[in-house]
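Observations on chain architecture
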Amino acid sequence: WSQVVSEAERIVGYPTSFMSLRCLLSDELSNIAMQVRKLVGTKHPLLDTARGFVYDSRNNLQMRGLVVLLISKAAGPSTAELSFQHNMVSGIYSSQRSLAEITELIHTAFLVHRGIVNIGELKSCDGPLKDMQFGNKMAVLSGDFLLANACTSLAQLQNTKVVELISSAIGDLVQGIYYENSKSSENCLTDDIGISTWKEQVFLSHSALLAKSCQAAMELAKHSAEIQDMAFQYGKNMSMSHKLHSDLQPFVKESSSDTMAFSLNCAPAILHQEFLGRDAWIKQIRWSRHPCVSQQLQEAIKAGKGVTSAIDLCRCHGNRALAALESFPPSEARAALANIVYAVTRF
């Protein structure tokens, strides 16, 4: 994955690890960073999010902006924009680079907002109550600050269709995260949502921002509606594959000495439930609430058809993403976009 990302960054001529640097080094955010240091010694999630800004080669926080830059270069200028080619750097318009930064700022803002903990569920080992309350305030304020910066930059693009697309993506994110939070309690673990509903919810919380950002990048270069749709399809299906790949990790890791935590609302578990039947699944969940049995539940899901079906689904979305790329001319950028798909569909 790191090799694929490094090669992609070389192609776009833009190290995306510095994509949000202008914002992260601003006086306002430097002040926020100083305040976040007060949380050291607690288990507030905001600390892990802050560490991820500095280094996170495994999950790569900047993946979304990188894909926007790559698809912008793969598409190139449209015939309507040929006279403005002198505004391009490494085959990408400055407005498209701004859009990539906006996409990352929005994603980062929502990551920060997700670092809000339920005070009522805290344990004494998590840290002093006043520190955890302070951490929640910082998560709200710093997330809002990043989102406000993104919206200001979005308005400066002066393209109403792009503003509409990215605004709707923010709405999708809010809806998706609201659903995730409503399913976080134990009482909701046995909801029979099915894989089709899971896909709809994952699109909102994980795919909508990237899909609509890819489409917006095509709009900024005045590409046709058909090319815009292909860019949308690539962003949607690649991010669906990325999410499925992430959900599968606890079940496909070769080193199984430590059991990785997994959600009962992940794709392999939901597909396992569909094959197993509702009653048998509820029975397995009831047993799994005892700590000694949770590993047995993971093994049961591994032994069933849920994992292989999730792998097939991951590859299916990957193939759709690759099919969408066929609309773009062969280039290094298109090859890099394909390599990203291969990286998240290989098991």
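Up top is the structure these notes are about.
Below or above, wherever it landed, is the structure these notes cover. It should be emphasised that the depicted structure is a prediction, and the values quoted were computed from it without experimental measurement.

Rules used in this analysis
- Residues numbered from 1 in each chain as written.
- Predicted model: local features only at pLDDT ≥ 70, side-chain atom pairs only at ≥ 80, totals over all residues.
- Heavy atoms only, no water.
- Helix = DSSP H or I, 4+ residues; strand = E, 2+ residues; numbered from the N terminus.
- Buried < 20%, exposed > 50% of the residue type's maximum accessible area, 1.4 Å probe, protein only.
- Contact = heavy atoms within 4.5 Å.
- Areas by Shrake-Rupley, 256 points an atom, 1.4 Å probe, with all protein chains shown as cover.
- Salt bridge = Lys/Arg side-chain N within 4 Å of Asp/Glu carboxyl O.
- Core = buried A, V, L, I, M, F, W, Y, C linked by side-chain atoms within 4.5 Å.
- Phe/Tyr/Trp six-rings, centres within 6.5 Å; stacked < 30°, edge-to-face > 60°.
- Lys NZ or Arg CZ within 6 Å of the ring centre and 35° of its normal.
- Expected span 1.5 Å × (residues − 1).

Let's shift gears to the overall build of the protein chain. A count of helical and extended segments in the protein chain gives 15 helices and two strands. When the 347 residues of the protein chain are sorted by exposure, 51% land in the buried category. In the protein chain, of all internal contacts separated by at least 6 residues, the share reaching a separation of at least 24 is 78%. Counting every atom, the protein chain has about 17100 Å² of accessible surface; 53% of that belongs to carbon and sulfur.

Right, let's talk about the pattern of salt bridges for a bit. Applying the stated criterion across every chain, the model contains four salt bridges. The partner of Lys161 in a salt bridge is Glu219, and the shortest N-O contact between them spans 4.0 Å. With Lys161 in helix α8 (residues 160–182) and Glu219 in helix α9 (residues 194–220), this residue pair connects regions lying 58 residues apart in the sequence. In this structure Glu219 comes out as buried when scored by relative accessible area, which is 13%. Here Glu299 makes a salt bridge to Lys302, at a shortest N to O gap of 3.8 Å. One end of the pair is Glu299 and the other is Lys302, both in helix α13 (residues 294–303) and three residues apart, which spans about a single turn. Judged by relative accessible area, Lys302 falls into the partly exposed class, the value being 26%.

Within the largest apolar cluster, 60 residues are counted, with the highest numbers of intra-cluster contacts made by Val67, Leu70, Ile106, Tyr234, Met238 and Phe328. In terms of residue count, the dominant contributor to this core is helix α5 (residues 63–75) (nine residues). Among residues more than four places away in sequence, those in contact with Met238 are Met63, Val67, Leu210, Ala321, Ile340 and Val341. Formed by 23 residues, the second largest nonpolar core is a distinct cluster that contains Trp198, Leu271, Trp281 and Leu313.

The next thing to look at is the packing of aromatic side chains. Summed over all chains, the structure comprises one aromatic pair. Positioned above the aromatic ring of Phe203, the side-chain terminus of Lys236 is 5.7 Å from the ring centre.

This part covers the side chain of Gln228. Along the chain, Gln228 falls in helix α10 (residues 225–252). Since its relative accessible area comes to 4%, Gln228 is described here as buried. Each residue touching Gln228, except ones within four places of it in the same chain, is listed here: Lys161, Gln215, Met218, Glu219 and His223.

Secondary-structure assignment places Ala211 in helix α9. Overall, the relative accessible area of 0% leaves Ala211 in the buried class. Expressed as a C-alpha distance, the spacing of Ala211 and Lys236, which sit 25 residues apart in the sequence, is 4.7 Å. Once residues within four sequence positions are removed from consideration, Ala211 is found in contact with Phe203, Phe232, Gly235 and Lys236.

For helix α15 (residues 332–345), with 14 residues, the first-to-last C-alpha span of 20 Å sits near the 20 Å given by 1.5 Å per residue. Most of α15 is tucked away, with ten of its 14 residues classed as buried. Inspection of α15 places Ala333, Arg334, Ala336, Leu337, Ala338, Ile340, Val341, Ala343, Val344 and Thr345 among the buried residues, and these make up the whole buried set. Of the surrounding secondary structure, the elements contacted by the buried residues of α15 are α1 (2–12), α5, α10 and α14 (306–325).

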